[in-house]
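Working through the structure, step by step
Given next are the chains, with one letter for each unit.
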Amino acid sequence: MLVDMHCDTIHKLYDEGGQLLENQLAIDINKLRQGNYLLQNFAMFVYNGDHTDPYEKCLALYDCFKKQMELASGEIRQVTTVEEIEQNQKEGLLSALLTIEEGAVCRGEIDILREFYEKGVRMMTLTWNFENEIGFPNCIVDKNGQRKPFANETEGLKPRGFEMIEAMEEMGMIVDVSHLSDAGFWDVVSKLKVPFVASHSNSREICPHPRNLTDKMLRALGEKGGVSGLNLYGAFVNPMVTSGQENCRLEDLLKHAHRMADMGGIECVALGTDYDGFDGDCELPTAAHLKDLPDHLHQSGFTWEEVDKITYKNVLRVYGEVL
């Protein structure tokens, strides 16, 4: 079975039209079935670089998500707890967990965060590639509007950011540090008492991109009981990305899995594909192809027990502890 902590399929369907039941994207119901999925996290991604209200945009994405759940109600159902995931499995249904990618949608207001919780959101990526009311990303925007990644070790969570993650912990919403600055990561470590996640981040030692986690971060994440999801975007996978080769090679992805396990422990490795959120070639191009990953993980040296932890058990453990 597979549990994937991150995809941008709802954003794609909102922008381009189509249905979750069947489409030309990396994820649809048929592909999830073929891939042997148990659960897919669906992110409401808001681009906080245009001039629209991120809160209103997120509400529109929520309406899109609910419409897709209604259209595919015989195949998939939204969940907010592990018990609901287990019930869906018994009924032969796929599970969908709703998340937010870009904390700016909350406008820095706890009441809006609570509103999204009541709509079923159970995970939030604190930042994307822009500064917001919560904190800073590992990215800078130059005077021409170009985003440039860099490891921001000085600017972390803002005072309201600390309040937001404390509220998330109290209500049972998972804190996601993918995209967050290095300084922000350590702020989260210092503040939270429960596990948190990096929903779609790899090893910076294997691929030196600031969107990935350092060995020290992976150790801290493991000590907190959290998980990091293997991301299939070539720029975060392939160490040759600096020479323009942004394809996701399976051999590199497996190196990330082993490094993450070596640093954070096998309990901290999970899946966060980023399907429908990136361009470029990938040896596992759709959710249907991800069914092959367990065999590749096993052939690379992981035991079958460890493979099960990576592909679904680690995430379900975190969900059971936090949600």
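The structure this text deals with has already been given above.
Basis of the calculations
Residues numbered from 1 in each chain as written. Predicted model: local features only at pLDDT ≥ 70, side-chain atom pairs only at ≥ 80, totals over all residues. Heavy atoms only, no water. Buried < 20%, exposed > 50% of the residue type's maximum accessible area, 1.4 Å probe, protein only. Helix = DSSP H or I, 4+ residues; strand = E, 2+ residues; numbered from the N terminus. Contact = heavy atoms within 4.5 Å. Phe/Tyr/Trp six-rings, centres within 6.5 Å; stacked < 30°, edge-to-face > 60°. Lys NZ or Arg CZ within 6 Å of the ring centre and 35° of its normal. Core = buried A, V, L, I, M, F, W, Y, C linked by side-chain atoms within 4.5 Å.

The next point concerns helix α7 (residues 182-191). Buried residues dominate α7, accounting for seven of its ten residues. The set of residues buried in α7 consists of Asp-182, Ala-183, Gly-184, Phe-185, Asp-187, Val-188 and Val-189. Packed against the buried residues of α7 are α6 (159-171), β8 (174-176) and α8 (215-223).

What follows is about the packing of aromatic side chains. The tally for this structure, following the rule as stated, stands at ten aromatic pairs. With a centroid separation of 5.0 Å and 80° between ring planes, the pair formed by Phe-185 and Trp-186 is classed as edge-to-face. By relative accessible area, which is 2% here, Phe-185 ends up buried. For Trp-186, a relative accessible area of 29% gives the class partly exposed. Among the aromatic residues, those joined into a cluster by ring pairs are Phe-45, Tyr-47, Trp-128 and Phe-130. The ring of Phe-136 has Lys-158 lying over it, and the distance from NZ or CZ to the ring centre is 5.1 Å.

Next up on the list: the nonpolar core. Counting residues in hydrophobic clusters, the biggest one holds 84 residues, and the most contacted among them are Phe-116, Met-124, Leu-126, Val-188 and Tyr-275. Considering each element in turn, this core owes the most residues, eight residues, to helix α3 (residues 54-71). Discounting chain neighbours no more than four positions away, the residues touching Phe-116 are Met-44, Tyr-55, Cys-58, Leu-59, Ile-100, Val-105, Cys-106 and Val-121. Counting 19 residues, the second-largest nonpolar core is a separate cluster that includes Val-79, Val-197, Ala-270 and Val-322.

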